[in-house]
Structures are given as structure tokens and as C-alpha cells.
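# Structure at a glance
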Amino acid sequence: MVTGKSFFIDQSRCTACRGCQVACKQWKKFPWINTVQMGSYQNPQDLGPNTFKLVRFSETRVDNVVRWLFFPEQCRHCLDPPCKMTADMYDRQAIIKDPSTGAVLYTERTRDLNAREIREACPYDIPRQDPATGALTKCNMCIDRVSNGLLPACVKTCPTGTMHFGDRAEMMDMARKRLTELRQKRPQATLVDAQDVRVIFLAEHDPRLYHAYLRDEM
Amino acid sequence: MSISRRQFLKLTATAGGAAALSQLGFDLSPVRAYAYELYTKPAKVTHSVCCYCAVGCGLLVFTDKRTGRAINIEGDPEHPINEGTLCPKGSSIWQTTEASPRVTKVLYRAPHSDKWEEKSWAWALPRIAAKVKAVRDSSFELKNDKGQTVNRTRALTSLGSAAIDNEEGWLYQAMLRALGLVYIDSHARICHSSTVGALAESFGRGAMTNHWIDMKNSDVILIIGSNAAENHPISFKWITRAMERGATLVHIDPRFTRTSAKADIHAHIRSGSDIAFFGGMIKYIIDNKLYQTPYVQDNTNASLVLGEAYSFHDGLFAGFDPASRSYDRKAWSYATGENGAPREDPTLSDPRCVMQLLGAHYARYDLDTVSGLTGVPRDQLENIYKTFAATGRADKAGTMLYAMGQTQHTVGVQNIRAMAIAQLLLGNIGIAGGGVNALRGESNVQGTTDVALIAEILPGYLATPRASQASLAAYNKANTPISHDPKSANWWGNFPKYAASYLKAVYDKADLETAYAWHPKLEDVPVTDYTWLNIFERMQAGEFKGAFVWGQNPAAGGANAGKNRRAMANLDFMIVANLFHNESSDFWRGPGMNPKNIKTEVFFLPACMSVEKSGSVANSGRWLQWRHQGPKPLGESKPDGDIMLALWREIRSLYAKQGGAFPDPVLGLYADYLTDGAYDAEKVARRVNGTFLKDTTVGGKAFKAGQQVPSFIMLTDDGSTAAGCWLYTGYYIDEGNQAARRDRSQTPAQANIGLFPKWTWSWPANRRILYNRASVDQSGQPLDPSRAVIAWDGAKWEGDVPDGGWKPDEKYPFIMLLEGRGHLFGPGRQDGPFPEHYEPLESPLASHPLSSQRVNPTALVFPEEPMAVRDPRFPYVCTTFRLTETWQSNTMTRQTGWLRECQPQGFCEISRELGDLLGVRGGDLVALDSVRGTVYVIAMVTERVRPFTIMGETVHQVGLPWAFGWMQPGGGRTDSANLLSPSVGDPNTGIPETKAFMVNLRRA
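All residue numbers refer to position in the chain's written sequence, counted from 1. Think of it this way: whatever chain is written first is A, whatever ligand is written first is 1, and the rest follow in order. Only residues with pLDDT of at least 70 are given local features in this predicted model, and only at 80 or more are side-chain atom pairs given and counted; all residues enter the totals for whole chains, interfaces and linings. To get the side-chain values, all heavy atoms of the structure are used, and hydrogens and water are removed first.

## Quick look at unusual backbone geometry
- Here the residue pair Asn43(A) and Pro44(A) is connected by a cis peptide bond, since its omega of -10° sits within 30 degrees of zero.
- Secondary structure elements follow DSSP: runs of H or I no shorter than four residues count as helices, runs of E no shorter than two count as strands, and numbering proceeds from the N terminus. Relative to the assigned elements, Pro44(A) resides in the loop between helix 1 (19–28) and strand 2 (54–62).
- For the bond from Trp763(B) to Pro764(B), the omega torsion is -10°, close enough to zero to count as cis.
- Turning to its location among the elements, Pro764(B) is positioned in the loop between strand 33 (761–762) and strand 34 (790–792).
- The phi angle at Lys29(A) is positive, at roughly 55°, despite the residue not being glycine.
- Positionally, Lys29(A) belongs in the loop between helix 1 and strand 2.

Written out as C-alpha cells, the structure is:
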């Protein structure tokens, strides 16, 4: 049985307020980014060294009904992280896994890895290189908060109950229960890659409609 | 050797989350557990309340004990409304406070100068005081031209602020009125003044009927003219909970927004057609007998019979005078019965009773007509009516939530009246999960309405004295209604006690008659002469010499912002209090301005952040919540209260030394609110709550001089109590500061509906759901036991504080209204007793099928203001809106980097169809033109906006956020959407019509 921690992210409840996106930056005291309006609500346009959590917006039609789909993206903290497996071939200290939580943590030593290779190893296209340091960056599960009994900043701030965090078994139970409820209204709802990751998304519609990398399409 | 926890923390912090282990040179594989230290661990934690919208979320502020600066701000998990959560604005308050370009020194812009100069407080305050005094002295009017005592100045005005605390707002209005100002206005005007006008008329109090948590109790939530998910994000915590219980969410809006994305039903509605929509709903409810008959009989004025004079014909009610464009409302009086009370027909069958006239009035609002005006397809319209009207049963609850999409119209008051009528018919007022819920958008706009930073009221909704009311007795007589119905509580019968207590709170040493005489008087003219649009009209005409612009940005946030900017150039001086530069403080260097030609002197007084001071704010649900100071004010910034008192000391000492025009109120104002030389919000709070000035016995209970007044029931009309705002009496009592309470405990019945009666304090009398006596039957038992608000146990009421403590059935439930019952028929408004559809002043229609009155015949208009009516040059309906990540005119949020990166530049939402028609693609720069101006923004071509079919023709609508003024960093050519919006307003309150006007759109 898988132990450690997991997130459950119920996209049916997400209003794309972006509290999570900003709370992450607040806790980590990241600098802000210069952006421009590109004809969409999504900004910044991509994950980056100062954006570990990004709400992606997607406008689409499902059965000819307009849907605005929201995807609060972040590292999935895979149970068997391909990024770490790749990195370990070069340096077993570059990407580490915290044993009590299962958090996948990138160290400074990732600067000596082949950034493109690591990014391509990720089925969800998460890691981004910090051009200033060369290190690879992504969500660290707010390991400082979590190991002190606090919720990750994104989960703590989520107004609608989209974001949840807790012991793996508890999150899996919550996810399955919520899937059953939601399927009464949305038969196509799915738990995305739940057996492989610690960040379990519940997609109300076909995951491909949200973002190319919501689901591991490999 | 091990890695120290401190070392690890430091490394993770500097590397932005990447664990820096490399330099340690140890084999870390297989991995092992590390301890991680929180950087917040050694901090002092204080409780505050978010400074943005009026949900009133609790904050934990972590302040470094060594530096005294905030290091982290996050949600307060104990707080019952937000439960530790925050939207992105709340989540970024640390950055706004500590890592933004705040103004922390006094700044001065000399006449004709093109730059700011840094100054000291000691330099600025005496100069401001001298200027204020000079203008006041030269303009002061003791009498008007009729010879009536007025004691006022019309050469000074004040705008703002909903951004200051209750105590500060109360103090500020007292100071302004002691100076004799009558042109006092603020956010309360342009956001929700129509709410006050409509809800006070309908139910008795001009405020949100229920509160945020209560939304979880609804079965159907109808959101109209509001984008709650974006602008009140934490509301969706409670809406989501209701939906998980099975509630249906209906959203009616011109655009498909983040709110629509969560709704079960979303209907696109053309801006400005809301009364048609609700008129159709009222007709549907009546035609299908879906109203709650006993509720309507017992709790509304449905049974009251109208006098002979009342009529309605072709869009006009009886009593209209075309010359003055106003009504003689005597024509709307009830027929009088034998005891002097209105005549009634409890069977509701008299053809002249309100219920019958209501049905007759809305007979014209059939589905086809309504569909043609609103653009909502007939089937969808019917489905929405059916869905919402299903709550017209005792065991169902429906709520209506709304914001600026309803309020900012020339029919703003009547839009909200229409909602109130539907909700009264369905029995949805006074119950848990029901109500007409005004979602207020500023952390203290409710509070600064209550404490009266607006011209027409004094604190606690007491009417401002008029020139014709020569004595306190005359003033009381004009404002104290008399009821001949023994079942009417007629609470406003207490008016003289509240008026006397207010006068003693401001002028404690004066006798009541003198204090009343000192108070400035308005002319006996419509209130709109003193409100926003007319203030800028007068400013443009050079009639004001000086203006206070306190925590507000009229040069971006006000309708017809271009006019406002030009008007500011006609002032001699302007005093700005703010945290950041904005389009108002810096108007003289804005687009199209040549500083050399602008004489206006500007004093910029740096105010501090809300987390840096203490005081209370009232959220939308009327909870007064105390903020505690965390970090000290940054740099030389100060709490608004300190700025006010410091300025007052200077002004007062000038009058003490030099004399001047009518110095008595300036010298007589009670302003002893310092502790150790600093503004003390608690001292003001004591005054606002009320204190016994002498040993007094009230209602058989003896109080000593100096004791706090425990309840407004104990206020007196003889000058023995000083209470600044009777509505707040009870919030700061001998037992302590009730607004600072943090007790989550509740009885099981209270917990069932989430009342949290011991958490902070709610006006009035800590009552959480207004009009709750309408939720019980004549024996005091809840109509819906599963959602009981109050219940009579044979000896006392349980649950919420009852809306009047009488035994069941002793009094009617709407105690603030003369008839004691909710107003289906509202005879007190300027533009009619029933809401009637009129087109916005600017509209794509030259006529409409409901009457030959195209627009509200009483609308506030200015003769020189051009209007685009079915004008081919301006073919598209336009509306404005807000965004989660920006707040109001963006003064604070655009300086908060994490928010600006989410919403960096102005944009306009347009449909794919219009995009195709004009060859515009997403990301293109486009120009929007109205009769008044042009704004350049980025096009957002979206499926979420779509064309309407209005009266058989295709009508395109566009919408743009109004948050992006010319000072937006990196905003390009963008400027405020309010350069486009018109100076026209509602006749009752003067709220401008900024939500429906006509534009052209072109590639730029």
C-alpha cells in the first residue's frame, strides 16, 4: 500500500480564482513576472522558476454547450517519478524523494543535469529550468509547511474545496467518493492517473479538453 | 555529520524551493527524513480582515519581532467565513504591504508644476488647514436665499472612502460636517446606493438581508448582475456547499464568466433589461399561483388598498409632472380605513388592493415580450422562472445575489425593487437560505454607508437636516412616522432618540438645539443635487475651490472619467489620502493634460495598509469585525484616523487663535480620541457605540455616567446619551469590544444554519438574518423546521436575535416600515411604486414594446450630455466589469506584482461573430469609442460572449474591465473604461449608469 501524502484536486469545484497560484508565490516569496495580455485570462503563460502552480484556462464546447475549463496545474509528485529515474543515472542527489511524504524535491544539483532530458522525461511536462541558476524547478509540496503539520499554501488558500491534501489513503477515499457523486451529473468524469501520482485530479470532462498534459497520454 | 535544520531552510529559501544539498557533499541516497523549519515560527501573529471585497475574510498576519515588518499573511483558519482560505487578492496582501511601490512620504504638487516634491507632515498639515479655513471662511453661508439657517459651505467637497474603518469614517464625516460640508460622497454612492434605496423601501433596511455563510442554506441560488465567483471568490465556498446539498445555481449575465462556468443554468441577458426579466418572473409567479399565500397575506402589503388617485398608464404612474420630470407621490397613497391606518382586504381580491394592481401591472410582461427585450430565449426564460419559482414553498429557500450589474443603472433602485417583489411573493425574505443579497465590493463600504459618508444621511440612516427644518423639533417631526396600526412596531418612531444621541456624540457640550443648529443643512431639493454626478458637474463649473479625495479614484472609477479629470483641473487644491499614486492624485500629468496649464495644488497624504492599524470594518453581511495592528505603518505613512486628527488639530487651532466664519462647530466638535499622542480607534468606537453622559435610568434600569450604552433601546432623546451611530450601539460595550469576539460556539439550531452569533458582532443588535420574524408562523414556530432561524419556546425566542423581541404575532415582521409589512408596492421612491422597464439612456432601441416611455422619465440627466440612441456610429451595447485579480480602479492591485502578472493589461471581450465581422482576432489592439471618449485595449475574442436577438434584430454586446487606467504599469495605451460611460443616474440616489451604454469597436 502506498503511504505518504497526496493531493486530491476536484476540478469540478474550481472557479479559477487563482488563489492557489498566488498563495504559492506568497509563501515562497517569488518575484513577480512581466506578462502581457494575450487574448485569454491565463497568465503567466507557462510554469516557470517563479510559477510552480498555474491555473490554465480552456474555452471549449462540450455537446455544443460552452464550457470554460480550469486546470490548477502543478507537479504530480509521481509515485515512481520518471524525472528522478532519469536524473539518478547521473546524480542520485539531484532529485530526491522525501520518504515521509513522498514529495519529489529538486536540489540545486539539478543545474548539472540535462534540463531538456529531465523535462522530456516528465509525462506532465512540469520541470522548468531557472535561467539564472541553471537549476530545474517545480512544486516542492511546501515541504517546510507539510513537515510542520501545515497544509501546502495552495491547498490552505483554496476557497471552494477544489484542493485537498492529506494521507494517501484518505485522499484516495475522498477522490473515489467524489468521483461517484460527480458521475451522476457528469458520466465522463475521471480520476486522472490516480494510481501513479500523488496529485490526483478529478476532471469533469475529457482531460484533453483542459490541457494536453493533464493526463499521461503515453 | 548532519545538515542543520537552519542550514537546510536557508538553502531552500534562497533557491526558491530547490533543495540545495550539493554543497554538503554527502551521500544523500537513499533519501532520509529532514526536518524543515518554518520561517514564520518566530513571528508575532495578529488577526486582521482583508482590505479588498466585503466578504470580510479573516487574516493571520505574521510580523517579524526583530524588524517589525510582516513576513507572511495568510487566511485565518478559525474565521467562520473564509475558514483559512483566501482569493489571490487576499493571498497577496503581504506583497502589497511590504514589496510594492507605496507612497511613504507626504508629497506636494505645486500649481503648474510637472512633478511631485517630498515634504514633511509638519510642512503639509498647517498649509492644508490654512487653505481649508480660507475657503470655508470666504464661502460660509449662515442663511440661504430664503433666509433659512443653513450653516454650510458649498465650496468644499469630499469624495471617499470605503477603504477606511468605521471609526475613521464616522470621525471623518463628523469633521466634514463640523466644517459645514454638504457635498459629501463616496464609494457607497457609485456601488450600492441603489441597494439602500431599494431594500430600505422594500424591507426597511438598506442592506444585504442575510450573510455569506447563509448561502449554504439555499435550494436555488440566482445570481444576476454579479460575478460572484470572480469578485467575491469566497462566496463560492458557501455556494459550492449549497450545490453539494443539491442546490441549483442560475446565473444571468451579459457575459459567460467564471460564475457561469459553475452554474447549472446560464442565460445571456442584454445589459439594461433586468426589469423586463423580473417583471416576467413576477407575472409567471402570479399567473401560476406559485406565491406563498399565507406569507404574502401576513408579511407584505399585498392586502392594502390603494386610494383613488393611483393609476398607471403607458409607462407613467399617476402624479407625473413633465415640467419638473418628477412625481407627486401623494397620488400613490393607500385608501384610509376607519382607524386612520390603510384599508385592507385580507382576501387579496379587491381590484384596488396591491396584489391585484401588481398582477395588472405585470400583465404586459409576457414571455415573448421579455425574451425580445432581454435576448434570453423564451424556453430558457421559462425554465429559469420555473426553477426559481419552485422556492415559493415553506420548505424551500431561494436566494438572489447581485452587484453592480443591477445597481449601476438609471433604473438601479427599481431593478432591486423588482427582485425584492419576487422574493416577497415567494416567501424568501427573513428565512435561512433566502434574501435579496447585495454583494458589496469594498471591505468597508457597508460600514461607511452606515456611518454616512454620503450627503443625504447622518450615521445610522438618519436623514440629513434640511433648510426647512428650522429646529430640532421640526427635524424630528419630519422624520418620525406615526402609525395608527397597533401591530406596526414603527421602529422609526424612535428617531428623536437616535438624532439626539448623535448630536451629543459630536457636540457633547452644546445643548441639543444648539447642536442641531450647528449642523449644516441641505436645501429642500432632490438628493441627487448633492451626489456624485452633480459634484463633478459643479467641479467642472469651478464651484468648488477645494476637494478631499480620500482613498478613492474618481478619475478612473467614476462614470465619464474624462469629465472628472477635467473638473479636477478647476480646483484650487486637492487633498489626496492614499497608499499609491493613481489617476486622481496624478490627474495633472495624465493623457491630454498639460501640467503647466493646471493650477490645482495637490497634497498627497500617505495612508497606511489595513494590516498596519486597528479598527472595525463592516462586511456585506453586516458583521463588524475588528482588525488588530500587525506591523507598524511603513515609512511616514499613517492610519487614516491619525491623518484626520492631525489635520483637525491644525484646523481647530487656527479657529481657536484667529476666529473665522461660524467657528462654534469647529471648536465644539468632540475629538478627544488620542492615546499617547496617537489616534485610538477604541476611543472612537466607544463614542460611536454610545456612552451615558450622566446618571440615567432607562426602562427601569439605572446607568452611571461614563457607562457604555448596552443597546439602542437604552438611547434617550433628552441628551443623556451620546451615541454616534445608533445602529452600532451594542458593538463596544462595558463587557468589551464585541467586534473583536472570536468565539465560534453556537447552539445546535444556530449551528444548523451557520449563524456564529458569538463571532464578532452584526448590526442591528447582533441579528444575523434580517426580518427573521417572517420565518415563523403566528405561534412563533418555524415555517421550515429544517432551517429554523428563530423559534418561540413559549417564553422566549431561540436561535437568531429576533427582529423585534415581542411575542409571536404581536407585531408585523418588517419593523422599520410604517405598515410593518414588506413592500410589494413601494410608494416612497421617486420613479414609481412598481418597477417598470425603461431602456438605458443609451440603447440600441429607439422604442420598446412595453410603453412609449423609452427611458426612466425621472432619470438624473445633464442637458449638455450627449446620448447615443440607436446611433449607427455606436452600434454595440457595452458593459464594464471587474476581475478577481484586480480591485476597483486597480490602485492597489496593479502595484501588487503577483496580481498584475495575472491581469497585466486592459482588454475587451467580444464574440466570435463580432470578431469575424470586424476582422478582429484575440490579442489584437482595438479601440472602443463612445460619445465621450476612446479607450485602447487588447481584444479577447471568446465563445463566452455572443450576439443577442433583440426585438428581432441582431445586437452585439461587448464588455471591458474598468480596472486599467493610464497608470497601469506596462499597460500600453490602455486607459479607464469609464472614459466611455455616461453621466446619467438613478433619480433616487444618483448612482451613475455605468453598466449599459453604447460604443463602437474598431481595429486600432
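## With respect to the interface of chain A and chain B
- At the interface, 63 residues of chain A touch 76 residues of chain B.
- Counting the surface lost from both chain A and chain B, the interface buries some 5,700 Å², and carbon and sulfur atoms represent 56% of this.
- Basic side-chain nitrogens of Lys or Arg form a salt bridge, by our definition, when they fall within 4 Å of a carboxyl oxygen of Asp or Glu. The interface formed by chain A and chain B contains seven salt bridges.
- One salt bridge in this structure joins Glu943(B) and Arg61(A), with 2.8 Å as the shortest N-O distance.
- N or O atoms closer than or at 3.5 Å make up a polar contact, with two conditions inside protein: a donor-capable atom paired with an acceptor-capable one, and, for residues adjacent in sequence, both atoms drawn from side chains. Applying the counting criterion to the chain A and chain B interface returns 27 residue pairs in polar contact (both at pLDDT 80 or more).
- Counting residues per element, the ones that place at least two in the side of chain A that touches chain B are helix 1, strand 2, strand 3 (65–73), strand 4 (95–97), strand 5 (104–106), helix 4 (143–146) and helix 5 (153–157) of chain A. Only heavy atoms matter for contacts: two residues are in contact if any of them lie within 4.5 Å across the pair. Simply put, the buried area is the total loss of 1.4 Å probe accessible area from both parts when two parts are fitted together.

## Comments concerning the sheet that holds strand 24 (residues 623–627) of chain B
Residue and element names in this part refer to chain B.
- Strand pairing is defined by DSSP finding a minimum of two bridges between the two strands. Taken together, the three strands give an open sheet; going across it, the order is 23-24-33, and neighbouring strands pair in antiparallel fashion. What marks the edges here is a single partner per strand, and that holds for strand 23 (615–618) and strand 33.
- Two strands pair when backbone bridges link them, and strand 24 and strand 33 are joined in this way by two bridges, in the antiparallel orientation. Each bridged residue has a counterpart across the sheet, and for Leu624 the counterpart in strand 33 is Trp761.
- Its contacts with the sheet put helix 5 (residues 166–179) on strand 23 and strand 24, and the angle it makes with strand 23 is roughly 90°. In this analysis, axes come from line fits to C-alpha atoms, helices being fitted only over the stretch in contact, and the angle between any two N-to-C directions falls in the range 0 to 180 degrees.

## Considering the sheet that holds strand 17 (residues 436–438) of chain B
Residue and element names in this part refer to chain B.
- In space, the five strands of this open sheet follow the order 11-10-9-16-17, with parallel pairing throughout. Among the strands making up the open sheet, the edge pair consists of strand 11 (265–268) and strand 17. Geometrically, the sheet is characterised by an average inter-axis angle of 15° between neighbouring strands, direction not taken into account.
- Bridging between strand 10 (residues 248–253) and strand 11 involves four bridges; their strand directions are parallel.

## Quick look at the packing of aromatic side chains
All names here are of chain B.
- For Phe, Tyr and Trp, rings pair up if their centres lie within 6.5 Å, where Trp contributes its six-membered ring, and each pair is then called stacked (planes under 30 degrees apart), edge-to-face (over 60) or tilted (otherwise). Under the defined criterion, the tally for this structure stands at 58 aromatic pairs over all chains.
- Plain terms: the ring middles of Phe317 and Trp332 are 6.2 Å apart, the flat faces sit at 65° to each other, and that makes the pair edge-to-face. Here the residue Phe317 occupies a position in strand 13 (residues 316–317), and Trp332 occupies one in the loop between strand 15 (326–327) and helix 11 (354–361), the gap between them amounting to 15 residues.
- Each residue gets one of three labels from its accessible area relative to the maximum for its type: buried under 20%, exposed over 50%, partly exposed in between, using a 1.4 Å probe on protein chains only. Owing to a relative accessible area of 3%, Phe317 belongs among the buried residues under this scheme.
- Through a chain of ring-to-ring contacts, the aromatic side chains of Tyr310, Phe312, Phe317, Phe320, Tyr327, Trp332, Tyr334, Tyr362, Tyr365, Phe825 and Phe834 assemble into a single cluster.
- Consider the ring centre and the ring normal. A charge sits over the ring if Lys NZ or Arg CZ is within 6 Å of that centre and within 35 degrees of that normal. The lysine or arginine in question, Arg622, covers the ring of Trp763, its NZ or CZ lying 5.8 Å from the ring centre.

## Observations concerning the side chain of Asp130(A)
All names here are of chain A.
- Here Asp130 shows up in the loop between strand 6 (128–129) and strand 7 (136–137).
- By the counting scheme adopted, Arg and Lys are positive, Glu and Asp are negative, and His together with the chain ends is not counted. In this structure, Asp130 is buried with no salt-bridge partner, the nearest side chain bearing the opposite charge being Arg111 at 11 Å.
- Ignoring sequence-local partners within four residues, the contact set of Asp130 consists of Pro49, Ala135 and Thr137.

## Considerations on the nonpolar core
Residue and element names in this part refer to chain B.
- We call a set of buried residues a nonpolar core when its members are Ala, Val, Leu, Ile, Met, Phe, Trp, Tyr or Cys and they connect through side-chain atoms within 4.5 Å of each other. Formed by 152 residues in total, the largest nonpolar core has its most connected members in Ile93, Val132, Trp170, Leu462, Trp726, Tyr728 and Tyr731.
- Here the element with the most residues in this core is helix 23 (residues 640–658); it accounts for nine residues.
- Contacts of Trp726, omitting those with residues within four sequence positions, involve Pro459, Gly460, Leu462, Trp491, Trp492, Tyr498, Phe712, Leu715 and Met816.
- Core analysis: the second largest hydrophobic core is formed by 86 residues, Ile252, Met400, Ile950 and Met998 among them.

## Regarding the side chain of Asp274(B)
Residue and element names in this part refer to chain B.
- With respect to the helices and strands, the residue Asp274 is situated in helix 9 (residues 274–287).
- There is no salt bridge for the buried Asp274, and the closest opposite charge comes from Arg270, which lies 9.3 Å off by N-O distance.
- Here Gln406 takes part through its side chain, which lies 2.8 Å from a polar atom of the side chain of Asp274.
- Apart from the residues lying within four places of it in its own chain, the contact partners of Asp274 are Ile224, Ile269, Gly405, Gln406, His409 and Asn415.

## Brief notes about the state of the cysteines
Residue and element names in this part refer to chain A.
- Two cysteine sulfur atoms make up a disulfide if the distance between them is within 2.5 Å. What the rule picks out here adds up to zero disulfides over all chains.
- Cys75 carries a free sulfur, and the closest cysteine sulfur to it, the one in Cys139, is 5.7 Å from it.
- Not part of a disulfide, Cys154 finds its nearest cysteine sulfur in Cys142, a span of 6.2 Å.

## Considerations on helix 5 of chain B
Residues and elements named next belong to chain B.
- Given a helix with a known number of residues, its expected span is that number minus one, times 1.5 Å. The end-to-end C-alpha distance of helix 5, which contains 14 residues, comes to 20 Å, matching closely the 20 Å that a straight helix rising 1.5 Å per residue would cover.
- Within helix 5, 14 of the 14 residues are buried, which leaves the element mostly enclosed by the surrounding structure.
- Gly180, located one to two residues past helix 5, shows a positive phi value of around 100°.

## Examining helix 9 of chain B
All names here are of chain B.
- Across its 14 residues, helix 9 extends 20 Å between first and last C-alpha, which sits within 8% of the 20 Å expected from 1.5 Å per residue.
- Burial analysis of helix 9 places 13 of its 14 residues in the buried class, the great majority of the element.
- Following helix 9 by one or two positions, Lys289 adopts a phi angle in the positive range, close to 50°.

## A short note on the confidence of the model for chain B
All names here are of chain B.
- Across the chain, each position has a pLDDT score giving the predictor's confidence in that residue, from 0 to 100. Predicted confidence across chain B gives a mean pLDDT of 96, with 97% of residues reaching 70 or more.
- Counting interchain partners and residues more than four positions distant, the pLDDT-below-50 stretch residues 1–33 has 52 contacts.
- Across the interface, the model reports ipTM at 0.98; the global pTM reads 0.96.

## A look at the packing of helix 20 (residues 532–540) of chain B against helix 22 (residues 561–568) of chain B
Residues and elements named next belong to chain B.
- Two elements in contact, helix 20 and helix 22, have axes separated by 8 Å at closest approach and are oriented at 45°. Taken together, the axes of helix 20 and helix 22 are oblique relative to one another. Taken as a pair, helix 20 and helix 22 cross one another with a handedness that is left-handed. Contacts from Trp532, Phe536, Glu537, Met539 and Gln540 of helix 20 reach helix 22 at Lys563, Asn564, Arg566, Ala567 and Met568. To sort the angles, those under 35 degrees are grouped as roughly parallel, those over 145 as roughly antiparallel, those from 65 to 115 as roughly perpendicular, and the leftovers as oblique. The hand of a helix crossing depends on one turn: near helix anticlockwise from the far one by less than a right angle means left-handed, and clockwise means right-handed.

## Focus on the packing of helix 17 (residues 472–479) of chain B against helix 18 (residues 495–506) of chain B
Residues and elements named next belong to chain B.
- In the contact formed by helix 17 and helix 18, the axes pass within 9 Å of each other and the chain directions differ by 135°. With respect to each other, helix 17 and helix 18 are oriented oblique. Read as a crossing pair, helix 17 and helix 18 show a hand that is right-handed. Touching Leu472, Tyr475, Asn476 and Asn479 of helix 17 are Phe495, Pro496, Ala499 and Leu503, all from helix 18.
- When residue character is reported, Ala, Val, Leu, Ile, Met, Phe, Trp, Tyr, Cys and Pro are called nonpolar, Asp, Glu, Lys and Arg charged, and the others, Gly included, polar. Of the residues assigned to the contact of helix 17 with helix 18, the class counts are six nonpolar, two polar and no charged.

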